[in-house]
Amino acid sequence: IIRNTKKDGRIVILIIDDSPETLRYIISLLKSQAFNLMSLVESRQLEKLLKDVVPDLILLDLYMPDLDGIGVLRFLKRQESYHHIPVIMLTSEDEKEMLANCLEEGAVDYLTKPVSSLELNARVNTALRLKKQYDQIVALKNKLNAQLEKVGEIQKQLLPQEIPTSPDYLVE
């Protein structure tokens, strides 16, 4: 189930980072666009927040003291209600093995801190475009399933209620 996450028609982006300075910096880079920006300093607050709103995109710090980014990513990707949310990992290190692990766990991209405005905006817009396409596919799938159910009901109405019998043809 994908809940409507738009607040006032705006896309919701959640930024999770244990550094208030990083949060302020990223928010300052994104605030010129018409996003509804939300932030968390502690990743363990995520589950509570998700009861109220499901973001369209999450920017997630890899290294945090309470629950690291990989743990949060695993939680999200294993939940039916949240596995569709694109996650861009944020890291201050350029560890190729760890970044590959993030992508294998379901992150759609990563950014190395300090983040440049140009790169952040490009990657956010790409992730949101992919999310929009995913949402369209899910909507079309649901529409197709509803139509298939109607076709099944029509087929049942067209079939005879009882099996016809004929003296020349025995049904065993």
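For the structure, check the block above.
Since the structure is predicted, the reported quantities are computational estimates derived from the model, not experimental observations.

Cis geometry is adopted by the peptide bond preceding Pro 114, which originates at Lys 113 and carries an omega value of -5 degrees. Inspection of the secondary structure assignment puts Pro 114 in the loop between strand E5 (109-112) and helix H5 (117-158).

The next thing to look at is the packing of aromatic side chains. Geometrically, a pair of aromatic rings is defined through the distance of the ring centres and the angle of the planes. Evaluation of the coordinates by the stated rule reveals one aromatic pair. With a centroid separation of 6.2 Å and an interplanar angle of 35 degrees, the aromatic rings of Phe 75 and Tyr 82 are classed as tilted. For Phe 75, a relative accessible area of 22% translates into the label partly exposed. Assessed through its relative accessible area of 12%, Tyr 82 is described here as buried.

Right, let's talk about the packing of helix H1 (residues 20-30) against H5 for a bit. Between H1 and H5, whose axes approach to 10 Å, the crossing angle comes to 70 degrees. One element, H1, and the other, H5, form an angle in the roughly perpendicular class. Facing H1, whose interface residues are Ile 26, Leu 29 and Leu 30, H5 presents Ser 117, Leu 120, Asn 121 and Val 124. The residue makeup of the contact of H1 with H5, split by class, is five nonpolar, two polar and no charged.

Enumeration according to the criterion identifies nine salt bridges in this entry. Between Glu 21 and Arg 24 there is a salt bridge, and its shortest N-O distance comes to 3.8 Å. Of this pair, Glu 21 and Arg 24 both sit in helix H1, three residues apart, which is roughly one turn of that helix. Note on Glu 21: relative accessible area 52%, which makes it exposed. Between Arg 123 and Glu 119 there is a salt bridge, with its nearest N and O atoms 2.8 Å apart. One end of the pair, Arg 123, and the other, Glu 119, are both in helix H5, four residues apart, so they sit about a helical turn from each other. For Glu 119, a relative accessible area of 31% puts it in the partly exposed group.

Taking burial as the measure, the five residues of strand E3 (residues 57-61) include five buried ones, the bulk of the element. Here E3 shows two buried faces, one formed by Leu 57, Leu 59 and Asp 61 and the other by Ile 58 and Leu 60. The pairing of strand E1 (residues 12-16) with E3 spans four bridges and is classified as parallel. Opposite Ile 16, over in E3, you have Leu 60 as the bridge partner. In the sheet, E3 pairs with strand E4 (residues 87-91) via four bridges, with the strands oriented parallel. Residue Ile 58 lies in a different strand from E4, and its bridge partner there is Val 87.

What counts as what
- Residues numbered from 1 in each chain as written.
- Predicted model: local features only at pLDDT ≥ 70, side-chain atom pairs only at ≥ 80, totals over all residues.
- Heavy atoms only, no water.
- Helix = DSSP H or I, 4+ residues; strand = E, 2+ residues; numbered from the N terminus.
- Phe/Tyr/Trp six-rings, centres within 6.5 Å; stacked < 30°, edge-to-face > 60°.
- Buried < 20%, exposed > 50% of the residue type's maximum accessible area, 1.4 Å probe, protein only.
- Axes fitted to C-alpha atoms, helices over the stretch in contact; angles between N-to-C directions.
- Parallel < 35°, antiparallel > 145°, perpendicular 65-115°, else oblique.
- Contact = heavy atoms within 4.5 Å.
- Nonpolar A, V, L, I, M, F, W, Y, C, P; charged D, E, K, R; others polar.
- Salt bridge = Lys/Arg side-chain N within 4 Å of Asp/Glu carboxyl O.
- Pairing = 2+ DSSP bridges.

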